[in-house]
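Chains, contacts and geometry: an overview
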Amino acid sequence: MVQQTIDDERIEALIEEFHGRIVRPGDADYDDARTVWNGMIDKYPALIARCAGVADVVDAVTFARENDLPLAVRGGGHNVAGTAVCDDGLVVDLSEMTAVRVDPGSRTAWVQAGATWADLDRETQRFGLATPGGVVSDTGVAGLTLGGGIGHLRGKYGLSCDNLRSVELVTAEGEFLTAGAEENPDLFWGLRGGGGNFGVVTAFEFDLHPVGPEVATVFVVYPGEELETVLRGYRECVDAAPDEVSTLAFAGEIPEKELFPPEIVNETKVAVLGCYAGPVEEGEDALAPLRELAEPLADLSGTMAYTELQRLLDEDYPDGMRYYWKSLYLDGLSDPAVDRITYWSEVAPSPLSTVDVWPLGGAIAEVGIEESAFAGRGAPFLLGVEANWEDPGTDEANVEWVRDVVEDMRGFSDGSVYLNFPGFLEENDETMRTTFGSAYERLVALKDEYDPTNLFDHNANVAPSGERGVEDG
């Protein structure tokens, strides 16, 4: 239950000025307002500020700072780590701020921070344009972009954060700023991959690219007994593929009853999913080798609407299911690494869990650390470990499986992580140092300038210099 005591007069003064809505414990919609996508998260904020615009964000941040309240920021979509809400504090809830404006002439889009990728794709695809998002359409634009943004267009067009032109945000002092290549360029550098460490982002401006409305896709599922063969062949295909090809491979039971006969529904399988960011005819040829890695159990490859591709995995990640994900950048996809991925995918306690392999390189590797804070550009692969399950009674087993996989796979990694697959606020100062490498001290300097008291600490936190040696969350 909520322990925080706040002066009622101060709350009433905030409510009087607020154009959105302040939700408090005891309100009819309080439980709905505090609930996030990940069913593992059960937190009780003292106040939830459902902002209608920038002025509301300024008021909410100022109120939290002046009343010494923990502060969390909720964007528009997924929040696997649970950082979008906090116990006994104030939540800056941006989920009502979903406007998208597209300028097809300049190929840009202005997007409020409560929007999802479905919101953005709906508007941009009207003009045959897109910017790199993730692989699930109801993911929030804000969180994905600030943490990097790895998705279906990354090989050709890079990360979500690589396509930013500018960012609007409110600082810990309640100041509204715009950051871009010309205005506050150091802050812009840090926002491109440094997470939510420096303020509440209220809007993004993206570059757009010609994509769709239809794209060539690959979606093929192979039997588990061919898992090692498939991953080794996949490694060769990735090496030979042009940048227009962006795919991922994921291994687990993949228990799709409509796709497989009953006798193999609950057996281990491996799937390859992705697309070609270019002409459909070229894409069909470029993706063909990925359909021939073994005898498939199912092949759903073909031409589809880009928006359909973006929604393809949505039903596999429903609201309220239980999620625990972690990651490691891999130094390669060696045969020993393939062997361990095969083992761990076969012993997952939940049939809904997967071990994922994301090839990187391409446009991602063309951006230097001096251009953005995003770490991991030199890694050829990202390992994602997803525990997805329904029964609260198996929480411990599923969380432990993820941690065991990551610990075992550290031998194939330098220990750096992708901020968007972060566990439950477990990334400590040492992990952040390892992940950001030479960029770490520059991030600390930005933190000292824009958030020296660490008001924005509900994230994969880069602590200011006054709070070094942060313990595990």
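Residues numbered from 1 in each chain as written. Predicted model: local features only at pLDDT ≥ 70, side-chain atom pairs only at ≥ 80, totals over all residues. Heavy atoms only, no water.

Take the overall build of the protein next. What the protein contains, in helices and strands, is 14 helices and 19 strands. In terms of overall size, the protein behaves like a compact globule, its C-alpha atoms giving a radius of gyration of 22 Å where 473 residues would be expected to give roughly 23 Å. When the backbone C-alpha atoms are referred to their principal axes, the protein occupies close to 70 × 55 × 45 Å. Counting only residues that meet the buried cut, the protein has 59% of its 473 residues in that class. (Helix = DSSP H or I, 4+ residues; strand = E, 2+ residues; numbered from the N terminus. Rg over C-alpha atoms; globule rule 2.2 N^0.38 Å. Buried < 20%, exposed > 50% of the residue type's maximum accessible area, 1.4 Å probe, protein only.)

Attention now moves to the sheet that holds strand 1 (residues 21–23). Overall, mixed pairing links the four strands, which are arranged 1-2-4-3 in an open sheet. A single partner strand is all that each edge strand has here, and the edge strands are strand 1 and strand 3 (71–74). Strand-to-strand twist of the sheet, defined as the mean angle between neighbouring strand axes without regard to direction, takes the value 20°. Each of strand 2 (47–50), strand 3 and strand 4 (90–93) is contacted by helix 3 (residues 54–66), which is oriented at about 165° to strand 4, the strand it contacts most. (Pairing = 2+ DSSP bridges. Axes fitted to C-alpha atoms, helices over the stretch in contact; angles between N-to-C directions. Contact = heavy atoms within 4.5 Å.)

Attention now moves to empty space enclosed by the protein. Taking a probe equal in size to a water molecule and rolling it over the atoms shows the remaining empty space. In total, this model carries one cavity of 30 Å³ or more according to the counting rule given. In this model, the largest cavity occupies a volume close to 30 Å³. As for the largest cavity, its lining consists of L227, L231, A249, F250, A251, V270, I341, V355, D356 and V357. For the lining of the largest cavity, the secondary structure elements donating two or more residues are helix 8 (227–240), strand 13 (245–252) and strand 18 (354–359). (1 Å grid on protein atoms, 1.4 Å probe; cavity = no way out; pocket = protein on both sides within 12 Å on 5 of 7 lines; lining within 4 Å. Points joined across faces, edges and corners; volume = space filled by probe spheres on them.)

Within the largest apolar cluster, 164 residues are counted, with the highest numbers of intra-cluster contacts made by L90, V92 and F204. For this core, the element with the highest residue contribution is strand 12 (residues 214–223), accounting for seven residues. Those residues in contact with V92 that lie beyond four places of it in its chain are A49, C51, V57, A60, V61, L71, A72, V73, R74 and V200. (Core = buried A, V, L, I, M, F, W, Y, C linked by side-chain atoms within 4.5 Å.)

Let's shift gears to the pattern of salt bridges. This structure, assessed with the given rule, holds 23 salt bridges. Across the salt bridge formed by R21 and D27, the nearest N and O atoms sit 3.8 Å from each other. Overall, D27 belongs to the partly exposed group, its relative accessible area being 26%. Between R340 and D408 there is a salt bridge; the shortest N-O distance is 2.8 Å. One end of the pair, R340, is in helix 11 (residues 335–346); the other, D408, is in helix 12 (residues 395–409), with 68 residues separating them in the sequence. Taken together, the salt bridges that share partners define one network made up of E228, R232, R235, D335 and D339. (Salt bridge = Lys/Arg side-chain N within 4 Å of Asp/Glu carboxyl O.)

Spatially, five strands are ordered 5-6-10-8-9 in an open sheet, and the strand pairing comes out antiparallel. The open sheet is flanked by strand 5 (100–103) and strand 9 (176–180), the only strands paired with a single partner. Taken pair by pair, the neighbouring strands of this sheet meet at an average axis angle of 15°, ignoring direction.

As a further point, take the pairing of strand 9. Across five bridges, the pairing between strand 8 (residues 164–170) and strand 9 is antiparallel. The residue bridging V170 from the neighbouring strand is F176, located in strand 9. Between strand 8 and strand 9, which pair antiparallel one after the other, the connecting turn spans five residues, and G174 there sits at a positive phi close to 80°.

The buried count for strand 18 comes to six of six residues, which makes it a mostly enclosed element. Alternating residues of strand 18 divide into T354, D356 and W358 and V355, V357 and P359, and every residue in both groups is buried. Judged from the four bridges that link them, strand 13 and strand 18 form a sheet pairing that is antiparallel. Among the inter-strand pairings, F250 is bridged to a residue of strand 18, identified as D356. Pairing analysis gives six bridges linking strand 18 to strand 19 (residues 381–389), with the strands arranged antiparallel. Residue pairing for strand 19: D356 is matched across the bridge by G384.

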